[in-house]
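Residues per chain are reported as follows:
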Protein chains: 2
Amino acid sequence: MKQTAYLRHIAYDSVIFGFSGEKLKILITKYHNTGLFALPGGFVKIDENLNDAVRRGLKERTGLDNIYLEQFYTFGDVARFRPEVMQTILEANGHSIQTYEWMLDRFISVAYYALINYSEVVPTPDALSDSCDWYSLDDLPELMLDHGNIVNKALQTLRDNLERQLVGMNLLPPLFTMGDLQKVYEAILGEKLHRGAFQRKMLGLGILKRHDKQYSGAAHKAPFLYSFEAK
Amino acid sequence: MKQTAYLRHIAYDSVIFGFSGEKLKILITKYHNTGLFALPGGFVKIDENLNDAVRRGLKERTGLDNIYLEQFYTFGDVARFRPEVMQTILEANGHSIQTYEWMLDRFISVAYYALINYSEVVPTPDALSDSCDWYSLDDLPELMLDHGNIVNKALQTLRDNLERQLVGMNLLPPLFTMGDLQKVYEAILGEKLHRGAFQRKMLGLGILKRHDKQYSGAAHKAPFLYSFEAK
DNA sequence: TATTATTGTCACAAAATGAGACAATAAATA
DNA sequence: TATTTATTGTCTCATTTTGTGACAATAATA
């Protein structure tokens, strides 16, 4: 990895949303021997499209291709420039500062959020990290630099876009119940929705295909399973 | 201007919207002796916040402070990298390529749109340009690089955000009629709106203050003037 | 004084939304 | 087998929002 392989001053960070246990979660990495938690991020190769760089990183971190991905903001304040933080990380990994000096420069970070099917993912740490794990949004560790802000803005954007995006399609497995879908919406919005109205609206969109019922073994009526259908 | 004064690989472009003659317009600059039209843009100083760099550029181009400004996308495709274009511009201005070699590198561009009061602006070209003028959105010249895409995405974002933003407040003078306001909305959306419903909705927002009537000298009822009011 | 163009407001229909009610039903329980 | 429990699918009704046209008011003109 030569110094010239990456564009200087430019990084990306990704807020990778998954849904499990009725909670919205995101992937967080922890750097070796530092106690520092961060969003999965990376750099852009000299001859690589920005969007492709992010997809490459997502693939490495989750194993998935063809992820639903949305760029939402570019963070460029000078206050982001904290070379001592990156230096700590590099030193904790035994890397020579000389080779990675370019990493100590000021970076502008393009932030993306991704929506993925939780059950398909095998979170994988990168070379500098000793873990890459799911954290509930309401139980995040302290994140380094402005990564907390980035998460907040990602969630805000996701909420704003909720009506315009097929969110459930990306956060749920191929077959799901109406209750599953409602729980996803409630987790994102952070509020309870009326069951009847929600069902009416979702069915009214005309994008759900009804399948056989799901017999859960529980003592009540079995719900239908649904899948999303491109019209 | 030393090479190290600016962050490498990072630029911004701005889509500056104004409203005049019932049309939505944007500012376009034309580079000396090249026939190249472009969005007003610039670079970020090493010790400058990204957002501040954009405001600095806007101030130079329009003379205005405190502009309504919204970042909407960052363009990072390799296809943007066309050093011969920038070289043409520099040579046409008699600049030595050596001094400005950093400008020939690949750039990632953070795009913003601004909403301004047309009548307050004195468009001012920068050093490389011989004009900075208003163009109607439906009558734009061919723009260099991907600037045409940037304009399209800016307009799309503006439309999407129309209900969440006080657009009229930024595109109109302090006092305006309900008809003026409706024309702004129609220009942005590109469609006619029903007069009665529009008036009902705007008044229902509770953010308009009614003033004296405007006697236009025309042969019909005089409309009220309105201003926006922070609640 | 009648005419013209535009404005402020309303009335009504249509559509969308909020909220509760009820029957249906899969499994557990008596 | 009959009853109970929890949840589901659907419906109805009230409320709110939206789409559409109509009307009187009015500033200037003919």
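Thresholds, definitions, all that
- Residues numbered from 1 in each chain as written.
- Chains lettered and ligands numbered in written order.
- Predicted model: local features only at pLDDT ≥ 70, side-chain atom pairs only at ≥ 80, totals over all residues.
- Heavy atoms only, no water.
- UniProt positions renumbered as here; feature names shortened; annotations may be inferred.
- Helix = DSSP H or I, 4+ residues; strand = E, 2+ residues; numbered from the N terminus.
- Least-squares fit on C-alpha atoms with pLDDT ≥ 70 in both.
- Contact = heavy atoms within 4.5 Å.
- 1 Å grid on protein atoms, 1.4 Å probe; cavity = no way out; pocket = protein on both sides within 12 Å on 5 of 7 lines; lining within 4 Å.
- Points joined across faces, edges and corners; volume = space filled by probe spheres on them.
- Phe/Tyr/Trp six-rings, centres within 6.5 Å; stacked < 30°, edge-to-face > 60°.
- Buried < 20%, exposed > 50% of the residue type's maximum accessible area, 1.4 Å probe, protein only.
- Lys NZ or Arg CZ within 6 Å of the ring centre and 35° of its normal.

(A) Structural detail: the UniProt feature "domain: Nudix hydrolase" (unreviewed entry) in chain A. Under the UniProt annotation, the feature "domain: Nudix hydrolase" (unreviewed entry) is placed at residues 7–159 of chain A. What you have in residues 7–159 of chain A is 24% helix and 35% strand, and the ends, taken at the C-alpha atoms, are 32 Å apart.

(B) Expanded view of the relation of the copies chain B and chain A. The transform that puts chain B on chain A rotates by 180° and translates by 0.0 Å along the axis, for an RMSD of 0.0 Å. Overall, the copies show the geometry of a two-fold rotation axis. When the interface residues of chain B are mapped onto chain A, 100% of them are again interface residues, pointing to one common binding face.

(C) Representation of empty space enclosed by the protein in the model. Residues and elements named next belong to chain A. One pass over the full model with this rule turns up one cavity of 30 Å³ or more. The volume enclosed by the largest cavity comes to roughly 40 Å³. Taken together, Tyr12, Ser14, Pro40, Gly41, Gly57, Leu58, Arg61 and Asp126 make up the full set of residues lining the largest cavity. Elements that contribute at least two residues to the lining of the largest cavity include exactly β1 (6–20) and α1 (50–62).

(D) Seen up close, the packing of aromatic side chains. Evaluated as defined, the whole model comprises 24 aromatic pairs over all chains. Taking the centre distance of 5.4 Å and the plane angle of 5° together, the rings of Tyr6 of chain A and Trp102 of chain A count as stacked. Of this pair, Tyr6 of chain A sits in strand β1 while Trp102 of chain A sits in the loop between α2 (83–92) and β6 (108–115), and the two are 96 residues apart along the sequence. Accessibility classification places Tyr6 of chain A together with Trp102 of chain A in one group, the buried group. An angle of 45° between the planes, with centres 5.2 Å apart, marks the rings of Phe43 of chain B and Phe107 of chain B as tilted. Of this pair, Phe43 of chain B sits in strand β4 (residues 41–45) while Phe107 of chain B sits in the loop between α2 (83–92) and β6 (108–115), and the two are 64 residues apart along the sequence. Across this residue pair, the class does not change: Phe43 of chain B and Phe107 of chain B are buried. Above the face of the Phe224 of chain B ring, Lys213 of chain B is positioned so that its terminal group lies 4.9 Å from the ring centre.

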